[in-house]
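# Per-entry structural report
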Amino acid sequence: MIEKNGRGLRYITSGCVKSGSGDLAARLRVLLEGLREVIAQHGPVEVAVEKVFVNVNPQSTLALGQARGTAICAAVMAGLPVAEYTALQVKQSVVGNGHAAKEQVQHMVRRLLALPGEPSADAADALACAICHAHGAQLGRLATRGLRMRKGRLV
C-alpha cells in the first residue's frame, strides 16, 4: 500500500496473506478474509491489480487467476474501484522498460518509495502495480486505447 501526496509517493505497508495448504476453497477463503482485514485496517480508496496472462503451466495460471479474482472480490465488496494493468504497463511505468528484470523492478520500487532495503519480489511486484496506478490512473484506459496484445506486447 502506498499513498500519493501530490506528485510524491509514500510507502504505507506491504505483506503477504498466507493461505497455507488444504483444498482450494478453504485457501481462497483465507485469502478473502485476509484481504478484507487489510482493507478494514488501512482503508485504501483504490485498488490496482496486475492482469494475468497464460504461463507455461496452465494449473499455476488457473490458481493465480482464482486468487486474483478473490482479491478483486475483496475490493469490490468493500466498494473500492479496481484498476487493472498488464505487467508490461507496470514495468514501463516504474522502470521505463516494459521488459525489465524483476531485480530492476525491486530496485526502482526501493528508490521511488525511499525504502531502507530491497523489498521481496512479491512485495515489489505489488508496490510497482500501485506505483503504476499512482503515476497515471488513466494508463489502463488511455495509453492502451486502440492497441491490442500480440505475443505479450501491446501493438
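A brief report on the enclosed structure follows.

Scoring rules and cut-offs
Just so you know, the residues in each chain are numbered from 1, in the order the chain's sequence is written. Given that the model is predicted, a residue must reach a pLDDT of at least 70 before its local features are reported, and side-chain atom pairs must reach 80 or more before they are shown or counted; all residues, however, enter totals for whole chains, interfaces and linings. As a convention, hydrogens and water are excluded, and side-chain values are obtained from all of the structure's heavy atoms. A side-chain nitrogen of Lys or Arg and a carboxyl oxygen of Asp or Glu constitute a salt bridge if their distance falls within 4 Å. In DSSP terms, a helix is any run of H or I states spanning at least four residues, a strand is any run of E spanning at least two, and both are numbered starting from the N terminus. Burial classes: relative accessible area under 20% of the type maximum marks a residue as buried, over 50% as exposed, and values in between as partly exposed (1.4 Å probe, protein chains only). Pairing between strands is defined by DSSP: at least two bridges between the two strands are required. Throughout, right-handed denotes a crossover for which the path from the first strand over the helix to the second runs clockwise when the strands point away from the viewer. Contacts described as polar in this section are N or O atom pairs within 3.5 Å, which, within protein, must combine one atom able to donate a hydrogen with one able to accept it, while residues neighboring in sequence count only if both atoms come from side chains. In this analysis, two residues are considered to be in contact whenever any of their non-hydrogen atoms come within 4.5 Å of each other.

### With respect to the pattern of salt bridges
Applying the stated criterion across every chain, the model contains five salt bridges. As a salt-bridge pair, E84 and R68 come within 2.0 Å of each other at their nearest N and O atoms. Here R68 lies in helix α2 (residues 58-77) and E84 lies in strand β4 (residues 82-85), a separation of 16 residues in the sequence.

### Side note on the pairing of strand β3 (residues 47-50)
Of the two faces of β3, the one lined by V47 and V49 is fully buried and the one lined by A48 and E50 carries no buried residue. Across four bridges, β3 lies against β4 in parallel orientation. In the sheet register, E50 faces β4, and the bridge partner there is Y85. Between the parallel elements β3 and β4, the chain passes through α2 in a crossover that is right-handed.

### Overview of the side chain of Q106
Within the element layout of this structure, Q106 appears in helix α4 (residues 102-112). Polar contacts involving the side chain of Q106 include one to the main-chain carbonyl oxygen of P119, which spans 2.7 Å. Filtering out sequence-adjacent residues up to four positions away, Q106 remains in contact with E118, P119, S120, A121 and A124.

### Considering the side chain of H133
Along the chain, the position of H133 falls in helix α5 (residues 121-135). Classification of H133 by relative accessible area gives buried; the value is 13%. A distance of 2.5 Å separates a polar atom in the side chain of H133 from a polar atom in the side chain of E46. Among all residues touching H133, those that are not within four sequence positions of it are E46, A48, A83 and Y85.

These figures come from the coordinates and say nothing about function on their own.
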